[in-house]
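Examination of the molecular architecture
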Amino acid sequence: MTAESHQEPTDKKTERRSFLTGALAMLCGGLATVPPLGAALWAFLDPLRRSSGAATFLPLTDLTNIPADGQPRQFPVIADRIDAWTGFKAEPIGAVYVKREEGSDRVEALSATCPHAGCFVELDKAAGCFRCPCHNSSFTLDGGIVAPSPSPRSMDSLECEVNKSGAVSVKWQNFYSGTEEKVARE
Amino acid sequence: MTEPQNPDASADAPVSASTRGLGDWLDSRTGYRALIQSALYERVPGGARWRYVWGSTLVFAFMTQVITGLVLWASYSASAQTAWESVYFIQYEMTGGWLLRGIHHVMAQAMIVLLALHVMQVVIDGAYRAPREVNFWLGLVLMTLVLGMALTGYLLPWDQKGYWATRVATNLAGLVPFIGPSIQQLVVGGPDYGHHTLTRFFALHAGFLPATLVLFLVLHLSLFRKHGLHAKQPITRPDAMFWPDQVLKDAVAMLAVMAVVLGVILLPALRAILAGEPIVSGHLGAELGAPADPSEPYAAARPEWYFLFLFQFLKVFEGWGATGEFLGAIVVPGATLGVMFLMPILGQWKLGHRFNVLFTIAILAGAGLLTAMAVHEDYYALWADRSAFADVEKVLDSTGGDSEKIAAALGHDEKKIADFENRRHKLEAIRRSEAFLSAVKQAGIDADRAIELAGRPEKIPPTGALSLVRSDPLTQGPRLFAQHCASCHAHVDPSVEGAEQVFAKSSAANLFEFGGESWVRGLLDPKQVAGAAYFGNTAHSEGDMVSFVTDDFTDEDVWNRSDKEAVVFALVAEAGLLTGAENKKAIKRGQELIADTDRCGSCHPYGENETERGYAPDLNGWGSTEWLVGIITDPTHQRFYPDTNDRMPRFGVASEGGLPALTSEQIELISRWLRGSWYRPAVNKKAEPASVRH
Ligand code: FES
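Predicted model only: the values in this text are computed from it and were never measured.

Observations regarding the domain arrangement of chain A
- Taken domain by domain, chain A holds domain 1 (3–49) and domain 2 (56–172).
- Spacing between the C-alpha centres of domain 1 of chain A and domain 2 of chain A amounts to 59 Å.

See the structure below:
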């Protein structure tokens, strides 16, 4: 060991010196970690910037394919889809139930996504109602909630359009689940 | 450093090493002896006990997960087109992959059980009290981390069950006030489930959560050492050292845990051996469902069993609206954890400790009860007797479920109505359970098929296993048929019981093995052609074909036996469904007879005959995939029934700007399925000579 001679500084001086050293150390160290932490957080929050885009009307089917007896029928919603780096052409992205009353051209569409927590609602033909296989929420054929059900609201209706030649399109949207109000996701 | 270090000591080292051994040298450089000493020679007040083993088994379980997890990681690929595929490869093709994944999967469940035991032991023994409060909190953090790893791990195979369970879990996370939707979007990795859901869940599961867990585990263990083991009071036996008594007990417990895990994995193999069936190693250990498909309903969606109580808990709040869901998914579970965090403080008082113990027992009992309820609801139909509710079903059928009519049917008797409602609920429970059970069965069939397809010699295309499943006639055919065709057509083997009733209800021909020999024989059978399985319930029930079969075809002077046979085989040949054993000459003869304008050819265009199209279906390529695609696309086409089509929709024709009822791919899938033309693995080829048909 090499002995080093040094002066004995006053207590106050040491204190101030070590405080400054400490503060400087913290500052340097802190600054050094800002870029990695900042970059990490910045990139981590990226999904918040992403949206599914504005809801558009998607062609669904022809009027003739919807039985005119008030019985809902399930149709897949087909659209191009982008999943991060993969682009899909004409993929089923969801499903709707569509029905038409007897003798009418008015078409009603319900999203098959359960407003409770997002399971796939099924049509129970025998019981004449919709039923969610997850927590047993039940809905009438009009989508109205059958009490008591865990779902906070009725099934989500979707806007429909029928053009002159009978082509049916639907405005496909996802909604927040678990709320009494139907709020569209962006 | 305990020893003063002399810089010259290294010069002595070789000499010392030769005399005092390598161990001493290493110790002088590392101090490992002191480390081992302090690790092993911890005093255990009152001696070793079995009740102290839970913590050690948990560490062991975690180490098992790290070891198996790292190697799984080495073979796993997190993306929507590769996650299922790589897990399939691990499970079915990699040497020992099934065992590796099985251990990881079953040990994860064992860990949950051990966790519950550990918490229970700590609370009951009051081991959380001063000065060990902080360590209890650290333990709770560890517990949450383990549950988080269980939750994130469930998604990684990207199969139907993981996908749908995760959808529910992440939707529930969205219920947290204010930040819920953002949390959801962050874990899902965007507005929709996909690649980034997997990459994020994987990063959580294999990186962030275990790294945090290790950190907390180090703190937990060092605090445990600092305060020493909390001994069970009163101490009646002499103290002992951790090594070797407690270590032995710990090691035995670890071995037992491992034995149980292996037992769970290998039990099906034992069963197969006893039943004399072959063992498929890929079927052992962890399951793999069909690949995740957002557009394919999955009615068997359930979380892993240890989360079943939370799942069931959501049903408790039926009719409470959004508040109920918020309570069930966020408030109650959060409050429970909150109370657990307060336990060390409450435990300062005797009453508080009693409360803690009761609370823990109540939570575990409640969770157990909810789990039992969930299982009971799902499997109710297995033991409930549906036939006992036949009268209820009858009333419901006749009244259409209308409450007014039901009341009238029961003579407006209050008591009877109440009783009826009661039994109606039971019946509904049975039906729900039946639906669940059949969904589970279907999920199994779909999973097996997906795995069979993935195992083809051509392997999985770059578009992933989902594209295989979506283009598989065997998977899609029955679904499409049920949705689009079954309202008119039956698809039932005529030889099974109850087939006649099904035919009676249908309004078009039975398409079971359409185009095959027995179908054609039935068509040309005077007793069957006007029956419900053929033209009986259609507009053609009194048409020319029926009268031809019942009158002309039975005239033995015109149609001798061998000619009739020849026509049968010629038609089957058109469909391309011959089994290969048929007489070529007879087929040729049949083709001549069909083309003959005095016989079939008088109505049907076929071969060289010049019969005009439009009166009866063209028999060229009758029953082939191409022919079926044609008639499903547009039955009113000149080739089929331009004037006499009976209610069959034009499935492939759309109006301007619209979509047809079925895409051309879907029509092809139905056609192939009807003809039994789908991939079959080579092993079955011998049993079924007609394998892949065109
Ligand atoms: S998700 Fe439909 S009832 Fe819960």
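Regarding the interface of chain B and chain A
- The partner chain A presents 53 residues to the 56 residues of chain B that form the contact.
- Summing both partners gives a buried area of about 4500 Å² for chain B against chain A, and 53% of it is carried by carbon and sulfur.
- Taken together, chain B and chain A are joined by two salt bridges.
- Between Asp 124 of chain A and Arg 431 of chain B there is a salt bridge, with the nearest N and O atoms lying 3.0 Å from each other.
- Taken together, the links from chain B to chain A amount to 19 residue pairs in polar contact (both at pLDDT 80 or more).
- Among the elements of the structure, α7 (160–173), α8 (180–188), α9 (195–227), α11 (308–316), α12 (321–346), α16 (414–454) and α18 (473–485) of chain B are those that each provide at least two residues to the side of chain B that touches chain A.
- Grouping the constituent residues of the side of chain B that touches chain A by class yields 24 nonpolar, 20 polar and 12 charged.

What about empty space enclosed by the protein?
Residues and elements named next belong to chain A.
- Within the structure shown, the criterion is met by one cavity of 30 Å³ or more.
- Of the voids in this model, the largest cavity is the one considered here, and its volume is about 40 Å³.
- Lining the largest cavity are Pro 72, Tyr 97, Val 98, Lys 99, Glu 108, Ala 109, Leu 110, Leu 141 and Asp 142.
- Secondary structure elements with two or more residues in the lining of the largest cavity: β3 (86–100) and β4 (107–111).
- By residue class, the composition of the lining of the largest cavity is six nonpolar, no polar and three charged.

Looking at the domain arrangement of chain B
- We note that the domain assignment places domain 1 (10–38), domain 2 (53–296), domain 3 (302–378), domain 4 (384–468) and domain 5 (486–674) within chain B.
- Between the C-alpha centres of domain 2 of chain B and domain 5 of chain B the distance comes to 58 Å.

Description of the state of the cysteines
All names here are of chain A.
- Applying the stated rule across the entire model yields one disulfide over all chains.
- In this model Cys 119 forms its disulfide with Cys 134; the gap between the sulfur atoms is 2.0 Å. Torsion about the S-S bond of the Cys 119 and Cys 134 cystine: about -80°, corresponding to left-handed handedness. Residue Cys 119 is located in the loop between β4 and β5 (122–124), and its partner Cys 134 is located in the loop between β6 (129–131) and β7 (138–139); the two are separated by 15 residues in the primary sequence. A single burial state applies to Cys 119 and to Cys 134, both of which are buried.
- Summary of cysteine pairing: Cys 160 is not part of a disulfide, and the nearest cysteine sulfur, belonging to Cys 114, is at 20 Å.

Here we look at the sheet that holds strand β1 (residues 57–62) of chain A
Residues and elements named next belong to chain A.
- Reading across from one edge, β1-β11-β10 is the order of the three strands in this open sheet, with antiparallel pairing throughout. Lying at the two open borders of the sheet, with one neighbouring strand each, are β1 and β10 (160–162). For this sheet, the mean angle separating the axes of adjacent strands, direction not counted, is 30°.
- Pairing of β10 with strand β11 (residues 167–171), which is carried by three bridges, proceeds in the antiparallel orientation.

Observations regarding a negative patch on the surface
- Taken together, the side chains of Asp 551, Asp 552, Asp 555, Glu 556 and Asp 557 of chain B present a region of like negative charge at the surface.
- For Asp 557 of chain B, the position within the fold is in the loop between α21 (544–550) and α22 (561–575).

Looking at the packing of α18 of chain B against helix α25 (residues 664–674) of chain B
Residue and element names in this part refer to chain B.
- Close contact between α18 and α25 brings their axes to 8 Å; oriented N to C, the two are set at 105°. Classified by the angle their axes make, α18 and α25 are roughly perpendicular. Only Gln 666, Leu 669, Ile 670, Arg 672, Trp 673 and Leu 674 of α25 make contact with α18, whose side of the interface consists of Pro 473, Leu 474, Gln 476, Gly 477, Pro 478, Leu 480, Phe 481 and Cys 485.
- In terms of residue class, the contact of α18 with α25 is built from 10 nonpolar, three polar and one charged.

A few points about unusual backbone geometry
- For the bond running from Ala 147 of chain A to Pro 148 of chain A, omega is -10°, close enough to zero to count as cis.
- Within the secondary structure, Pro 148 of chain A is located in the loop between β8 (145–146) and β9 (157–158).
- For the peptide bond that leads from Ala 130 of chain B to Pro 131 of chain B, omega is 5°, which places it in the cis range.
- With respect to the element layout, Pro 131 of chain B can be found in the loop between α5 (97–124) and α6 (133–155).
- Positioned with a positive phi, Ala 84 of chain A is a non-glycine residue whose angle comes to about 45°.

Topic: the pairing of β3 of chain A
Residue and element names in this part refer to chain A.
- Counting buried residues along β3, 11 of its 15 residues qualify, which places the element largely inside the surrounding structure.
- Where strand β2 (residues 73–83) lies against β3, 10 bridges are found, and the strand directions are antiparallel. By the bridge assignment, Gln 74 is partnered in β3 with Tyr 97.
- Hairpin connection, β2 to β3: the antiparallel pair is bridged by two residues, and Ala 84 has positive phi, about 45°.
- Direction of pairing for β3 relative to β4: antiparallel, over a ladder of five bridges.

Some words on the sheet that holds β6 of chain A
All names here are of chain A.
- One open sheet accounts for four strands, arranged β5-β6-β7-β8; its pairing is antiparallel. The open sheet is flanked by β5 and β8, the only strands paired with a single partner.
- Bridging between β5 and β6 involves three bridges; their strand directions are antiparallel. Among the inter-strand pairings, Asp 124 is bridged to a residue of β6, identified as Cys 129.

Topic: the side chain of Gln 476 of chain B
All names here are of chain B.
- Structurally, Gln 476 is set in helix α18.
- Overall, the relative accessible area of 13% leaves Gln 476 in the buried class.
- Polar contacts involving the side chain of Gln 476 include one to the main-chain carbonyl oxygen of Val 469, which spans 3.1 Å.
- Beyond its immediate sequence surroundings of up to four residues, Gln 476 is in contact with Val 469, Arg 470 and Leu 669.

What counts as what
- Residues numbered from 1 in each chain as written.
- Chains lettered and ligands numbered in written order.
- Predicted model: local features only at pLDDT ≥ 70, side-chain atom pairs only at ≥ 80, totals over all residues.
- Heavy atoms only, no water.
- Domains from an automatic or database assignment.
- Contact = heavy atoms within 4.5 Å.
- Buried area = accessible area lost by both parts, 1.4 Å probe.
- Salt bridge = Lys/Arg side-chain N within 4 Å of Asp/Glu carboxyl O.
- Polar contact = N/O pair within 3.5 Å; in protein donor to acceptor, adjacent residues only side chain to side chain.
- Helix = DSSP H or I, 4+ residues; strand = E, 2+ residues; numbered from the N terminus.
- Nonpolar A, V, L, I, M, F, W, Y, C, P; charged D, E, K, R; others polar.
- 1 Å grid on protein atoms, 1.4 Å probe; cavity = no way out; pocket = protein on both sides within 12 Å on 5 of 7 lines; lining within 4 Å.
- Points joined across faces, edges and corners; volume = space filled by probe spheres on them.
- Disulfide = S-S within 2.5 Å.
- Buried < 20%, exposed > 50% of the residue type's maximum accessible area, 1.4 Å probe, protein only.
- Pairing = 2+ DSSP bridges.
- Axes fitted to C-alpha atoms, helices over the stretch in contact; angles between N-to-C directions.
- Patch = residues over 30% accessible without salt bridge, like charges linked within 9 Å, V, L, I, M, F, W, Y side chains within 5 Å.
- Areas by Shrake-Rupley, 256 points an atom, 1.4 Å probe, with all protein chains shown as cover.
- Lys, Arg positive; Asp, Glu negative; His and termini not counted.
- Charge placed at Lys NZ, Arg CZ, Asp CG, Glu CD.
- Parallel < 35°, antiparallel > 145°, perpendicular 65-115°, else oblique.

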